[in-house]
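Listed below are the residues making up each chain.
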Amino acid sequence: MPSHYRGEGLRSTGRQTTQFYSQVAPSEVLQKDMATQLKSGHTAEPLSDEDSARILKDFPGQVDGLVRVQPGGWILPTPYLEMADKIYDFKFRESDVVVMTHPKCGTTWTQDLLWNMVHNPNIDNPAAEEAVNGRSPYLEVDILLMGKMKEMMLSDTSNPMLKQFAELCPGANPADGIGIQMAAATPGIRIIKSHLTFPLLPPDLLDTTKVVYVMRNPKDMCISYNHHCRMARFHDFQGNMDLFVDYLTNDELFYGPYWNHVKEGWKRRDHPRLYVLFFENLKADPVAEVRELDKFLGTDLTEEQMTKVIEHTSFDKMKARDAHFPVTEEMKKKILNQEVVQNEGGFFRKGQVGDFKNKLTPAQESKIDAWTKMNTEGMDIEFKYSI
Ligand code: A3P
């Protein structure tokens, strides 16, 4: 590992983490007073001791700590530093389609939709049985593999993701990046997922490949992200919705700031290789969106094929398959808080537009509205909050 990634001043957080991570040694990778220069021209700054301690208390699953990448203020887990330059240098192919999103905006739905449009228009491809993120590689997945989950994922030989990795990348070392190596080795037209924003990806991305940037209104995204952060043990959010809305509007959530992410997509919206897809539009009129996507991708599907693909990737069908990540059922139970899953739903929770109306108080909505107003001044963008 290059020396500038881990310099002097390593520190431990000294915090005990809960539940799934209770046996994890305090992270050693948080760095103190060390800024890291990235090839993209960004600087990754460690958070202050106070901020790190506060965030780890509220998100005890985020054991590897966070850095803030400037400019942009991107909040990413510390292991990102080990991947950043490799991701920036990743060789995209002309035939690739990148699904780029802020988390919880419809990534998995879009990945499955595009993968089936390209590889399974007649719904007869047996590969479609695999989990979405097995067929459609998640470029920076390794930055989510933290603490005990990383140990489990990398040591369990029954792990379907590892098996797939071994098949696709014989002799490669998972520690060098599962996502990036699997993406590199995936043959044919690749539907590649990334939650990273344009400036952190290769600068010629849109010269090389097509990107579908998916957006979702911030209130539904907030509800979905809150559910995700309470359900996924690698976040393990402990607070209430008030606190979550504070994290969101203070731009302190993993992969955020949300508005900077959206802006990076929106400002490129006229680029011929970029398709901006709104979750709400796909939900309201999937046929119209898929027709446009068909033109964008050049898949040339018949109306019948489009109908089949839409049906195959409907919420009910995807929820019934419940195949988001290539992991065993046993692993899924460890990675996801089962109480949350049973009481409030799993990864495929509701898939609706406007569910925030059942969840946010007027005060929480006002906070999100003020933050939205502040961030969208002069932006000429409008989200639908109901359909
Ligand atoms: P909810 O939590 O509101 O249900 P991402 O893939 O970016 O993490 O987004 C997850 C959100 O997309 C979840 O939202 C999930 O239920 C929803 N989703 C997944 N597949 C969907 C589908 N086929 N149709 C509608 N929503 C879907």
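Residues numbered from 1 in each chain as written. Predicted model: local features only at pLDDT ≥ 70, side-chain atom pairs only at ≥ 80, totals over all residues. Heavy atoms only, no water.

Draft legend 1. Here's a closer look at the overall build of the protein. Assigned secondary structure in the protein consists of 18 helices and eight strands. Here the protein holds 387 residues, and 57% of them are scored as buried. Across the protein, the 45 positively charged side chains and the 55 negatively charged ones have centroids separated by 2 Å. (Helix = DSSP H or I, 4+ residues; strand = E, 2+ residues; numbered from the N terminus. Buried < 20%, exposed > 50% of the residue type's maximum accessible area, 1.4 Å probe, protein only. Lys, Arg positive; Asp, Glu negative; His and termini not counted. Charge placed at Lys NZ, Arg CZ, Asp CG, Glu CD.)

Draft legend 2. Spotlight on the packing of aromatic side chains. The tally for this structure, following the rule as stated, stands at 18 aromatic pairs. Judged by centre distance (6.4 Å) and plane angle (85°), the rings of phenylalanine 237 and tyrosine 247 are edge-to-face. Taken together, the positions of phenylalanine 237 in the loop between helix H9 (218-231) and helix H10 (241-249) and tyrosine 247 in helix H10 put the pair 10 residues apart, joining distant regions of the chain. For phenylalanine 237, a relative accessible area of 4% gives the class buried. Ring geometry for tyrosine 258 against tryptophan 371: centres 5.9 Å apart, planes inclined by 35°, an arrangement best described as tilted. Remark: tryptophan 371 occurs in helix H18 (residues 362-376) and tyrosine 258 occurs in helix H11 (residues 258-266); sequence separation between them is 113 residues. Taking relative accessible area as the criterion, tyrosine 258 reaches 1% and is therefore assigned buried. Residue class for tryptophan 371 comes out buried when judged on its relative accessible area of 3%. What links up through ring pairs into an aromatic cluster is the set Tyr258, Trp259, Trp266, Phe278, Trp371 and Phe383. (Phe/Tyr/Trp six-rings, centres within 6.5 Å; stacked < 30°, edge-to-face > 60°.)

Draft legend 3. Looking closely at the sheet that holds strand E5 (residues 97-101). Ordered in space as E6-E5-E7-E8, the four strands form an open sheet in which the pairing is parallel. Looking at the sheet topology across the chains shown, the edges are occupied by strand E6 (191-194) and strand E8 (274-278). Across this sheet, the average inter-strand angle for adjacent strands is 20°, counted without regard to direction. Note that E5 and strand E7 (residues 210-215) share five bridges and pair parallel. Across the sheet, the residue bridging to valine 97 is lysine 210, located in E7. The strands touched by H11 within the sheet are E5, E7 and E8, with E7 carrying the most contacts at an inclination of about 140°. Helix H13 (residues 286-297) contacts E5, E7 and E8 of the sheet and is inclined by roughly 165° relative to E8. (Pairing = 2+ DSSP bridges. Axes fitted to C-alpha atoms, helices over the stretch in contact; angles between N-to-C directions. Contact = heavy atoms within 4.5 Å.)

Draft legend 4. Here's a closer look at the sheet that holds strand E3 (residues 66-70). Taking strand neighbours across the sheet as the criterion, the four strands line up as E1-E2-E3-E4 in an open arrangement whose pairing is antiparallel. Of all strands in the sheet, those with a lone pairing partner are strand E1 (36-37) and strand E4 (74-77), marking the two edges. In this sheet, E3 lies alongside strand E2 (residues 43-46) in antiparallel orientation, the contact comprising four bridges. Bridging from a neighbouring strand, alanine 44 pairs with valine 69 of E3.

Draft legend 5. A look at the site of the ligand. Taken together, 18 residues are adjacent to the ligand, and Thr107, Thr108, Ser224, Lys350 and Gly351 come closest. With respect to the ligand, the backbone of threonine 313 contributes an N or O atom lying 2.9 Å from a nitrogen atom. Within the complex, 98% of the 570 Å² of free accessible area of the ligand lies under protein. Every element with two or more residues in the shell around the ligand is listed here: helix H3 (107-119) and helix H15 (315-321). Sorting elements by how many residues they give to the shell around the ligand places H3 first, with three residues. (Near = heavy atom within 4 Å. Polar contact = N/O pair within 3.5 Å; in protein donor to acceptor, adjacent residues only side chain to side chain. Areas by Shrake-Rupley, 256 points an atom, 1.4 Å probe, with all protein chains shown as cover.)

Draft legend 6. The arrangement of the confidence of the model for the protein in detail. In this model, the protein carries an average pLDDT of 90, and 91% of its residues clear a pLDDT of 70 or more. The low-confidence segment residues 1-31, where pLDDT is below 50, has 82 contacts with residues more than four positions distant or belonging to other chains. (pLDDT = per-residue confidence, 0-100.)

Draft legend 7. Molecular detail of the environment of asparagine 159. Locating asparagine 159 in the fold gives a position in the loop between helix H5 (147-155) and helix H6 (160-168). Using a relative accessible area of 1% as the deciding quantity, one classes asparagine 159 as buried. Not counting residues within four places of it along the chain, the set of residues in contact with asparagine 159 comprises Met153, Pro326 and Met331. Polar contacts involving the side chain of asparagine 159 include one to the main-chain amide nitrogen of methionine 161, which spans 2.8 Å.

Draft legend 8. Spatial organisation of the environment of lysine 267. As for its placement among the helices and strands, lysine 267 is situated in the loop between H11 and E8. Residue lysine 267 is classed as exposed on the basis of its relative accessible area, which comes to 57%. Distance from lysine 267 to methionine 379, taken between C-alpha atoms, is 8.9 Å for residues 112 residues apart in sequence. Separated by 3.2 Å, the side chains of lysine 267 and glutamate 264 make a polar contact.

Draft legend 9. Structural detail: the environment of aspartate 369. Structurally, aspartate 369 is set in helix H18. What makes aspartate 369 partly exposed here is its relative accessible area of 37%. Aspartate 369 sits 151 residues away from proline 218 along the chain, and the two C-alpha atoms are 9.2 Å apart.

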